[in-house]
Amino acid sequence: MKYLYKYPQNEYPYADLVQENQRRGKNEPEYELLDTGIFDEDKYFDIFIEYSKNTDEDILIKITAHNRSEEEKPLHILPTLWFRNTWSWFKDAQKPQLKVYDRNNNYSVIEAGSFSLGKRWLYCRHPAEAKNGLPLLFTENETNTELLFGQPNSSPYVKDGINNYVVNHNKDAVNPNNIGTKFAPHYQLSIPPRESRSIELRLSNSDSLPNPFQDFDNIFQQRKQEADEFYDWINPHQMSEDKRNIQRQAFAGMLWSKQFYYYVIEDWLQGDPNNVPPPESRKNARNSEWRHLFNDDVISMPDKWEYPWYAAWDLAFHLIPLAIIDPDFAKLQLSRLTREWYMHPNGQIPAYEWSFSDVNPPVQAWAAWQIYQLEQKFWGRKDQDFLERIFQKLLLNFTWWVNREDAEGKNIFEGGFLGLDNIALFDRSSELPTGGKLEQADATSWMGMYCLGMLQIALELAVNRPPYEDTASKFFEHFLYIADAMNRIGDISLWHEEDGFYYDVINFPDEQRYPLKVRSLVGLIPLLGVNIIKPETIEKLPGFKKRLHWFINNRPDLKKNVACMLTEGMGAKRLLALCYATPRNDGKPNKLQRLLSYMLDEAEFLSPYGIRSVSKYHQNNPFVLPVDGNEYRVDYEPAESNSGMFGGNSNWRGPIWFPINYLLLEALQNFYEYLGDDFQVEFPTGSGNYQNLQEIIVELSQRMIDIFLRNETGKRPVFGDIEKFQNDPHWKDYIYFHEYFHGDNGAGLGASHQTGWTGIVAYMIQLCVEGSV
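Residues numbered from 1 in each chain as written. Predicted model: local features only at pLDDT ≥ 70, side-chain atom pairs only at ≥ 80, totals over all residues. Heavy atoms only, no water.

1. Examining the overall build of the chain
Looking only at helices and strands, one finds 22 helices and 30 strands in the chain. Radius of gyration (C-alpha) of the chain: 29 Å, near the 28 Å computed for a compact globule of 773 residues. Oriented by its inertia axes, the alpha-carbon framework of the chain measures out at about 90 × 60 × 60 Å. Residues counted as buried form 54% of the 773 residues belonging to the chain. Within the chain, residue pairs in contact and separated by at least 24 positions form 67% of the contacts whose partners lie at least 6 positions apart. Of the charged side chains in the chain, 78 are positive and 107 negative; the average position of the first set lies 3 Å away from that of the second. (Helix = DSSP H or I, 4+ residues; strand = E, 2+ residues; numbered from the N terminus. Rg over C-alpha atoms; globule rule 2.2 N^0.38 Å. Buried < 20%, exposed > 50% of the residue type's maximum accessible area, 1.4 Å probe, protein only. Contact = heavy atoms within 4.5 Å. Lys, Arg positive; Asp, Glu negative; His and termini not counted. Charge placed at Lys NZ, Arg CZ, Asp CG, Glu CD.)

Spelled out as structure tokens, the structure:
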């Protein structure tokens with residue numbers, strides 16, 4: 001593992017960043033660190049921090065600092081070892097301890113002793129410059145209550161003691177007896193211009209390594225070689241070094257985004273026994289209804305810098321690249337969400353810490369199937385036990401969705417914002433300012449997709465476990481009811497026949513219905529409700545085959561609005577789809593063709609870098625709805641949002657988001673496998689150039705990968721107009737996998753360390769070089 005931290009040599013411009021960003025309006029870009037000039041004239045250090053395991057309990061650590069400036073500069077490095085403070089929670093709790101274990105001319109050894117963890121030893125190699133030995137700084141990992149609250153500290157040595165010793169020259173801030181619960185060796189370097197210096201440490205379960213740094217470089221070199229060989233095994237195909245570098249960094253970002261997450265709601269509500277009881281209001285605060293929740297795991301986070309908590313639907317997309325390199329970890333992640341100490345007793349999956357009761361798209365069945373397939377593809381294993389366990393838990397979650405979000409039993413679902421933040425006219429998680437209820441095209445489509453995901457898993461399990469045939473039939477039938485409700489020509493359809501698009505609809509108490517004619521991903525998400533069933537699967541399952549044919553013969557009213565299961569596609573496959581995909585009798589475009597004409601139109605959704613979240617049509621034609629003197633509107637906003645909805649720090653009104661783009665590509669793949677090469681549409685719309693869906697998938701995939709690749713001018717679209725990133729040799733090949741991307745030029749936006757779901761580009765690169773997209 002290796003990461004890079006760019007550390008300015010001048011004072012960090014906190015005040016400048018705060019003041020300038022406060023001054024700027026919503027129509028201006030964020031004032032970033034590079035904009036302050038702090039890295040001008042290369043006055044910074046590149047600090048590479050690397051970890052290498054000799055064994056699971058013997059970890060080598062190397063820190064290398066490069067002075068990029070033209071002047072010799074001092075640098076203080078404080079590698080820190082500390083115990084998480086849990087002893088302050090309870091009276092008479094046993095306290096762990098760090099202390100000096102051994103010391104000689106070449107290195108110092110620190111013993112870390114804990115009742116629960118046992119003992120470990122940190123070996124700190126002395127640098128050549130440390131002629132008088134390496135200063136060892138100890139303090140307690142305890143809050144400085146005197147500084148924060150004006151209350152006496154329980155110890156003169158507090159958690160900011162090391163900082164106060166180094167920065168404020170307060171020699172009394174660290175413990176002279178060399179014991180504590182927080183420790184750092186104080187490396188004081190002076191690095192000449194354009195040169196580097198390294199320090200070495202080793203954390204081990206052995207207190208008697210004879211010469212802990214003798215084999216240090218060899219172990220590092222061996223582990224690097226093994227890592228290279230592993231990723232070459234994952235992707236043995238020929239491709240450019242630039243593309244390989246992007247894929248490798250995407251995988252690395254996924255691994256770095258793991259984090260220990262500890263949240264026990266019952267303990268939080270009660271407060272710590274050794275502290276002042278929390279206010280009574282906490283018992284009714286957000287998440288208080290999740291008293292069963294006990295999270296105590298290493299979890300893949302969206303972004304450890306800016307979003308250091310898990311999000312259920314983000315996590316589903318994380319598991320695609322993770323399943324390639326570590327399928328066991330991916331399976332464990334998904335399983336955790338459905339265990340009884342995560343999932344609510346009513347079947348709801350926790351959304352995220354901000355509000356576990358929020359509703360995210362139900363993509364867990366899709367993720368389970370993806371993991372199952374990827375483990376087969378890369379590791380040659382079919383883990384049906386995992387598939388069955390996750391299926392049984394998702395039955396509870398599916399039931400929760402049906403009972404809660406389909407309030408009137410019409411198979412038209414609500415759900416709230418559903419992870420798409422500000423995409424709608426107003427906050428879909430709150431009461432509508434218009435009154436009435438919102439029937440959501442995306443919520444209903446997600447449930448159609450959920451049905452198909454459960455159907456796919458049930459069919460796979462039924463081959464060796466016959467009782468699952470009945471369950472497969474149940475999800476097949478439920479999907480038909482949802483598809484019928486979405487597409488029925490009449491009073492409850494979400495399809496607008498005149499426009500050829502799906503819209504959210506306000507259902508007023510007097511039964512009047514009003515479509516919100518916003519052309520956004522909400523109207524394209526129905527494309528995701530698609531799946532193919534191979535003929536060999538049907539033949540293996542006589543019970544399911546019998547039920548399927550009964551529906552075909554006896555319920556023509558339910559199959560007329562979905563792709564006809566009676567019509568065999570390429571290779572005799574059958575298709576289930578929310579969007580009718582077979583030709584119409586009158587020769588007019590079907591729903592699939594009409595939706596694709598919008599999606600593949602450069603004046604609408606098609607960007608040079610993927611599919612936009614809101615159509616560019618709304619740039620000059622905003623959708624506006626006046627309500628009681630207030631104006632609600634949606635404009636095309638390709639960069640940051642002008643709306644304050646959901647804090648204004650996320651924008652689904654124009655930018656490109658990788659998760660939905662990836663799902664759209666997968667949907668097109670399913671349509672292609674059924675329709676074959678003969679089904680062609682204009683790409684781009686209006687160009688006169690007709691392509692089959694496979695060719696379009698390849699083109700769309702490449703557009704998304706192009707966000708990160710150097711173009712013909714040597715620039716990476718992800719870096720926008722940031723010259724330092726585009727041109728500097730020490731910056732230009734380090735990739736940021738942003739949260740989302742500019743709808744017109746592909747520049748990275750939102751959280752910049754969001755490898756999270758954008759890390760799915762690693763698999764897209766894989767598919768492209770395999771030629772299997």
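2. Topic: the environment of Phe 391
Relative to the helices and strands, Phe 391 resides in helix 10 (residues 384-405). Under the relative-accessibility criterion, Phe 391 is labelled buried at 1%. Separated by 159 residues in the primary sequence, Phe 391 and Trp 550 place their C-alpha atoms 26 Å from one another. The contacts of Phe 391, once residues within four sequence positions are left out, are Met 454, Ile 457, Ala 458, Leu 461, Tyr 468, Thr 471 and Phe 475.

3. Points about the pairing of strand 20 (residues 513-516)
Pairing of strand 19 (residues 504-507) with strand 20, which is carried by 4 bridges, proceeds in the antiparallel orientation. Counterpart to Val 505 in the pairing with strand 20 is Pro 515. In this antiparallel pair of consecutive strands, strand 19 and strand 20, the connection spans 5 residues, and Glu 511 shows a positive phi of 75°. (Pairing = 2+ DSSP bridges.)

4. Details of the packing of aromatic side chains
Scanning all chains against the criterion turns up 65 aromatic pairs. Measuring from ring centre to ring centre gives 6.5 Å for Tyr 261 and Tyr 263, while their planes differ by 85°; the resulting arrangement is edge-to-face. Assigned by exposure class, Tyr 261 and Tyr 263 land together as buried. Between Phe 398 and Phe 475 the ring centres are 5.0 Å apart and the planes differ by 80°, which places this aromatic pair in the edge-to-face class. Residue Phe 398 is found in helix 10, and its partner Phe 475 is found in helix 12 (residues 468-487); the two are separated by 77 residues along the sequence. (Phe/Tyr/Trp six-rings, centres within 6.5 Å; stacked < 30°, edge-to-face > 60°.)

5. A look at the sheet that holds strand 19
Each strand in a sheet pairs with another by means of backbone hydrogen bonds, the pair being arranged parallel or else antiparallel. Taken in spatial order, the 3 strands make up an open sheet running 16-19-20, and their pairing is antiparallel. Every interior strand has two partners, whereas the edge strands, strand 16 (437-439) and strand 20, have only one. On average, each strand axis in the sheet is inclined to that of its neighbour by 30°, with strand direction left out of account. (Axes fitted to C-alpha atoms, helices over the stretch in contact; angles between N-to-C directions.)

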